[in-house]
Amino acid sequence: MSDLFSALKEKVVGKQLKIVFPEGLDERILTAVSRLANENVLNPIVIGNKEAVEKKAAEIGVTLPNVEIVDPEQYEAMDELVDAFVERRKGKVSKEEARTILLDENYFGTMLVYMDKAHGLVSGAAHSTADTVRPALQIIKTKPGIRKTSGVFIMVRGDEKYVFADCAINIAPDSQDLAEIAVESANTAKMFDIEPRVAMLSFSTKGSAKSPETEKVVEAVRLAKEMAPDLTLDGEFQFDAAFVPSVAKKKAPDSVIQGNANVFVFPSLEAGNIGYKIAQRLGNFEAVGPILQGLNKPVNDLSRGCNAEDVYKLALITAAQAL
Ligand SMILES: CC(C)(COP(=O)(O)OP(=O)(O)OC[C@H]1O[C@@H](n2cnc3c(N)ncnc32)[C@H](O)[C@@H]1OP(=O)(O)O)[C@@H](O)C(=O)NCCC(=O)NCCS
Ligand SMILES: CC(=O)OP(=O)(O)O
């Protein structure tokens, strides 16, 4: 495991952090949960029918020492959860509807986090991003001062590490959204000992093209600089102008970035999601995430293409976010 994750592990070990894993019958989840529990890194709570989860664990040959298995169908404090959910959704759901909704493992798990019965949640190995994050958006909600949550990937290859954002949540971010994503992503980068140098990406560098799409990024740069004047940030850049010093000398010689960006803010979810998967699959980067930023409590989504190692690492990140 790289130094990055060894450092995170050191931070969280022994803190008795409870992380919920709603997908109790997924092999990758159970493999990671078993490792986390056996190494005493954190205290996993797995959602599912106890017998079925234990049967699955035996089938794949993993042990679950000190793992709490919670079945929403049998949960003793369900009434408490239902009342709290109805209150949180303020007139948007009836008690009856809440009882049904909370049988869904992602809603149930997210409520455990909201009710302080757990410190964070990792899901999404078997659910789409929408189904994984919607409960968090509705229940956990964003921190004061933050309008939108967004999802970043930490892209790791050997000693190289970069932050890509937003690759998961906001389909068509406006300038204000992009500025917020940039500032939040810089904060997330610091969690991984990356000193942020933020590039706002486009298909244009410093006015080489003009269109509503490029103007959106130009305005985002202005707003982000206003929001965080001390942050090293600039744009709009094409990727080569943000990343390759010799290209930056030609295309953006006066920029503070100088082709040395390490936090990349994509102009749309199309660009961000496609971009991270290309770096992962063609560039052999390990893509850890999406890490959701801006929420009141840590809830993180996995790609359905994840493996057990990805689950293990995202659980470490989730636990570290809870500290
Ligand atoms: C994230 C996503 C599911 C939200 O969509 P949605 O559930 O239809 O959103 P809605 O507009 O109905 O809003 C639902 C709630 O979430 C909130 N919300 C929506 N987007 C949000 C955001 N980015 N940040 C914070 N809150 C958000 C809304 O305010 C609303 O809250 P309320 O019910 O308390 O008023 C949607 O934007 C989406 O599908 N994004 C793409 C996900 C994806 O497939 N990514 C690629 C793979 S990673
Ligand atoms: C982050 C992401 O793209 O998730 P999925 O592959 O599950 O759609």
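What you see is a predicted model; the values in this text were computed from it and never measured.

## Description of the packing of helix H4 (residues 78–88) against helix H6 (residues 105–114)
Inference 1: Viewed as axis vectors pointing N to C, H4 and H6 meet at an angle of 85°, and their least axial separation amounts to 11 Å. Between H4 and H6, the angle is such that the two are roughly perpendicular. Contact with H4, carried on its side by Met 78, Leu 81, Ala 84, Phe 85 and Arg 88, involves Tyr 107, Phe 108, Met 111, Leu 112 and Tyr 114 of H6 and no other residues of that element.

## Examining H6
Inference 1: Across the 10 residues of H6, 8 count as buried, placing the element largely inside the fold.
Inference 2: Among the residues making up H6, those that are buried are Asn 106, Tyr 107, Phe 108, Gly 109, Thr 110, Met 111, Leu 112 and Val 113.
Inference 3: Sitting at the head of H6, Asp 104 places a side-chain oxygen 2.9 Å from the backbone nitrogen of Asn 106.
Inference 4: Just downstream of H6, Asp 116 is the residue with a positive phi angle, here 65°.

## What about the sheet that holds strand S7 (residues 197–201)?
Inference 1: Judged by pairing direction, the sheet is mixed, and its 6 strands sit side by side in the order S8-S7-S9-S6-S5-S10 without closing on themselves. Single-partner strands in this sheet number two, and they are strand S8 (232–237) and strand S10 (286–293). If you compare each strand with its neighbour and ignore which way they point, the axes differ by 20° on average.

## So, the UniProt feature "domain: Phosphate acetyl/butaryl transferase" (unreviewed entry) in the chain
Inference 1: Within this numbering scheme, the UniProt entry marks residues 6–319 as carrying the feature "domain: Phosphate acetyl/butaryl transferase" (unreviewed entry).
Inference 2: Secondary structure across residues 6–319 divides into 45% helix and 18% strand, with the first and last C-alpha atoms of the span separated by 13 Å.

## Examining the packing of helix H1 (residues 3–12) against helix H13 (residues 308–322)
Inference 1: H13 packs onto H1 with a crossing angle of 50° between their chain directions and a minimal axis gap of 9 Å. With respect to H13, the axis of H1 lies oblique. In this structure, the crossing between H1 and H13 has a hand that is left-handed. Between H1, through Phe 5, Leu 8, Lys 9 and Val 12, and H13, the contact on the second element is made entirely by Tyr 312, Lys 313, Leu 316, Ile 317, Ala 319 and Ala 320.
Inference 2: Residues belonging to the contact of H1 with H13 are distributed by class as follows: 8 nonpolar, no polar and 2 charged.

## Thoughts on the packing of aromatic side chains
Inference 1: Counted according to the given criterion, the structure contains 11 aromatic pairs.
Inference 2: When the ring of Phe 239 is compared with that of Phe 264, the centres are 4.9 Å apart and the planes differ by 40°; the resulting orientation is tilted. With Phe 239 in helix H10 (residues 239–243) and Phe 264 in strand S9 (residues 263–265), this residue pair connects regions lying 25 residues apart in the sequence.
Inference 3: Exposure remark for Phe 239: the relative accessible area of 38% places this residue in the partly exposed category.
Inference 4: Between the aromatic rings of Phe 243 and Phe 264, the centroid separation amounts to 6.0 Å while the plane-to-plane angle is 65°, which identifies the pairing as edge-to-face. Pair noted here: Phe 243 is in helix H10 and Phe 264 is in strand S9, with a separation of 21 residues, a long-range link.

## Examining the environment of Arg 88
Inference 1: Tracing the backbone through its elements, the reader meets Arg 88 in helix H4.
Inference 2: Sequence separation of Arg 88 and Ser 34 is 54 residues, and the distance between their C-alpha atoms is 33 Å.
Inference 3: Leave out the neighbours within four places in its chain, and Arg 88 touches Tyr 114, Gln 138, Ile 139, Ile 140, Lys 141 and Asn 296.
Inference 4: A distance of 2.7 Å separates a polar atom in the side chain of Arg 88 from the backbone oxygen of Ile 139.

Each value, and the rule that gives it
- Residues numbered from 1 in each chain as written.
- Chains lettered and ligands numbered in written order.
- Predicted model: local features only at pLDDT ≥ 70, side-chain atom pairs only at ≥ 80, totals over all residues.
- Heavy atoms only, no water.
- Axes fitted to C-alpha atoms, helices over the stretch in contact; angles between N-to-C directions.
- Helix = DSSP H or I, 4+ residues; strand = E, 2+ residues; numbered from the N terminus.
- Parallel < 35°, antiparallel > 145°, perpendicular 65-115°, else oblique.
- Contact = heavy atoms within 4.5 Å.
- Buried < 20%, exposed > 50% of the residue type's maximum accessible area, 1.4 Å probe, protein only.
- Polar contact = N/O pair within 3.5 Å; in protein donor to acceptor, adjacent residues only side chain to side chain.
- Pairing = 2+ DSSP bridges.
- UniProt positions renumbered as here; feature names shortened; annotations may be inferred.
- Left-handed = near helix turned anticlockwise from the far one by under 90°.
- Nonpolar A, V, L, I, M, F, W, Y, C, P; charged D, E, K, R; others polar.
- Phe/Tyr/Trp six-rings, centres within 6.5 Å; stacked < 30°, edge-to-face > 60°.

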